Amino acid sequence: MTLDLSEVQQFYDRFGKKQDLQGFYEDPALDELIGHARFDEAKSVFEFGCGTGRFAARLLSDHLPASATYCGCDLSRTMVDLARERLASYGDRAQVLQSEGGIRFPLSDHSVDRIVSTYVLDLLSESDIEAFLHEAYRVIEAGGTMCVVSLTRGTTFASRIVSGIWAAIFRMRASLVGGCRPIRLEPYIDEGAWEVAYQKVVIAYGVPSDVLIVRARES
Ligand SMILES: C[S@@+](CC[C@H](N)C(=O)[O-])C[C@H]1O[C@@H](n2cnc3c(N)ncnc32)[C@H](O)[C@@H]1O
């Protein structure tokens, strides 16, 4: 069972800056995402569950055009404060919003061309993942790109053991692993709405991550 909203909020309020220590297995997957998502052509990015703002800072400093804007949201007050502090130097180009946890983005229809969410869908319930994809399709422009990364099941002997142990800990006590469990992203994708542009399982220190980039079809 996934954690409920208040458990997620409490966990990440306490976890705070420690989230950045997950970089040892997250960064290789994020590098893969950046390598294939054409952020240099982006105009407006929305990130769901931005955490400490680490990925946003990387996008803004190294990958987005100077004219591109960024909007992130997070459920955790601690994370929102950390991300705001980290992105303060980008002024009006970057804003971070406090979310109440509902899967409803503070954006109008077809108003962004990139949606990003890394290591967040793996802590949502199945119905919330479906709601996320529905909402993403509402706010993205036709031809826009959604970039998601999550923990996933292993594809090699070592990574199958790691993801198996991770899943077992999740079943025993989800809060020990921040509410996250290995999932596969592609089965959630409605091929009538999204075209898969890139998918790869990246393994770092035995931890497998699913990197998925999909393009929104015309509605
Ligand atoms: C595992 S952390 C990942 C943070 C960041 N994306 C990264 O890759 O480092 C998950 C983040 O999602 C946020 N989160 C979880 N559920 C959320 C929801 N329903 N709405 C907004 N943020 C949420 C948590 O507060 C936390 O900051």
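That block above? That's the structure.
Residues numbered from 1 in each chain as written. Predicted model: local features only at pLDDT ≥ 70, side-chain atom pairs only at ≥ 80, totals over all residues. Heavy atoms only, no water.

Participant: Even after reading the chapter, I still don't get the site of the ligand, so can you show me in this structure?
Facilitator: Surveying the vicinity of the ligand reveals 18 residues, the closest of which are Gly49, Asp74, Gly101, Thr118 and Tyr119. Here an oxygen atom of the ligand and a side-chain polar atom of Gln19 are 3.4 Å apart. Between the ligand and the protein, one listed contact pairs a nitrogen atom with a backbone N or O atom of Leu75 at 3.2 Å. Because more than half of its atoms lie within 2 Å of the grid, the ligand is assigned to the largest pocket. Of the residues that constitute the shell around the ligand, the class distribution is 9 nonpolar, 7 polar and 2 charged. (Near = heavy atom within 4 Å. Polar contact = N/O pair within 3.5 Å; in protein donor to acceptor, adjacent residues only side chain to side chain. 1 Å grid on protein atoms, 1.4 Å probe; cavity = no way out; pocket = protein on both sides within 12 Å on 5 of 7 lines; lining within 4 Å. Sits in = over half its atoms within 2 Å of the grid points. Nonpolar A, V, L, I, M, F, W, Y, C, P; charged D, E, K, R; others polar.)

Participant: What is the right way to look at the environment of Tyr205 in this model?
Facilitator: With respect to the element layout, Tyr205 can be found in the loop between strand E6 (194-204) and strand E7 (207-216). Given a relative accessible area of 68%, Tyr205 falls into the exposed group. Residues Tyr205 and Asp81, spaced 124 residues apart in sequence, show a C-alpha to C-alpha distance of 30 Å. (Helix = DSSP H or I, 4+ residues; strand = E, 2+ residues; numbered from the N terminus. Buried < 20%, exposed > 50% of the residue type's maximum accessible area, 1.4 Å probe, protein only.)

Participant: Teacher, can you tell me more about a nonpolar patch on the surface here?
Facilitator: Where nonpolar side chains cluster on the molecular surface, the patch consists of Phe157, Ile161 and Ile165 and spans about 340 Å² of accessible area. As for its placement among the helices and strands, Ile161 is situated in helix H6 (residues 157-172). We classify Ile161 as partly exposed; its relative accessible area is 40%. (Patch = residues over 30% accessible without salt bridge, like charges linked within 9 Å, V, L, I, M, F, W, Y side chains within 5 Å. Areas by Shrake-Rupley, 256 points an atom, 1.4 Å probe, with all protein chains shown as cover. Salt bridge = Lys/Arg side-chain N within 4 Å of Asp/Glu carboxyl O.)

Participant: Which parts of the structure should I look at to understand the sheet that holds E6?
Facilitator: Remark on secondary structure: sheet strands pair via backbone hydrogen bonds, oriented parallel or antiparallel. Read from one edge to the other, the open sheet built from 7 strands follows the order E3-E2-E1-E4-E5-E7-E6, with strand pairing classed as mixed. Among the strands making up the open sheet, the edge pair consists of strand E3 (94-98) and E6. Put simply, the sheet's adjacent strands are angled 15 degrees from each other on average, direction ignored. Two strands pair when backbone bridges link them, and strand E4 (residues 112-118) and strand E5 (residues 140-151) are joined in this way by 6 bridges, in the parallel orientation. (Pairing = 2+ DSSP bridges. Axes fitted to C-alpha atoms, helices over the stretch in contact; angles between N-to-C directions.)

Participant: Explain the side chain of Asp122 to me, please; I cannot follow it from the model alone.
Facilitator: Mapped onto the secondary structure, Asp122 falls in the loop between E4 and helix H5 (126-139). At 6.2 Å, Arg181 is the nearest oppositely charged side chain to Asp122, a buried residue that forms no salt bridge. The residues contacting Asp122, other than those within four sequence positions of it, are Ser150, Leu151, Gly179, Cys180, Arg181 and Ile183. (Lys, Arg positive; Asp, Glu negative; His and termini not counted. Contact = heavy atoms within 4.5 Å.)

Participant: What exactly am I supposed to notice about the pairing of E5 here?
Facilitator: A regular strand places its side chains on the two faces of the sheet in alternate fashion. Taken across its 12 residues, E5 has 9 buried, putting it largely inside the fold. A crossover links E4 with its parallel partner E5, the connecting element being H5, and its sense is right-handed. For E5 and E7, the ladder comprises 7 bridges, and the chain directions are antiparallel. Pairing of Val149 across the sheet is with Val211, part of E7. (Right-handed = clockwise from strand over helix to strand, strands pointing away.)

Participant: It is not clear to me how the side chain of Thr145 should be interpreted in this structure. Could you clarify?
Facilitator: Structurally, Thr145 is set in strand E5. Leave out the neighbours within four places in its chain, and Thr145 touches Asp113, Arg114, Ile115, Ile140, Ile213, Val214 and Arg215.

Participant: How should the environment of Asp113 be read in this particular structure?
Facilitator: Within the secondary structure, Asp113 sits in strand E4. On the accessibility criterion, Asp113 (5% relative accessible area) is buried. Taking C-alpha positions, Asp113 is 4.3 Å from Gly144, a pair spaced 31 residues apart along the chain. Excluding residues within four positions of it along the chain, Asp113 makes contact with Glu41, Ala42, Lys43, Ser44, Ile140, Glu141, Gly144 and Thr145. Polar contacts involving the side chain of Asp113 include one to the main-chain amide nitrogen of Lys43, which spans 3.0 Å. In terms of polar contacts, Asp113 uses its side chain to reach the backbone amide nitrogen of Ser44, at 2.9 Å.

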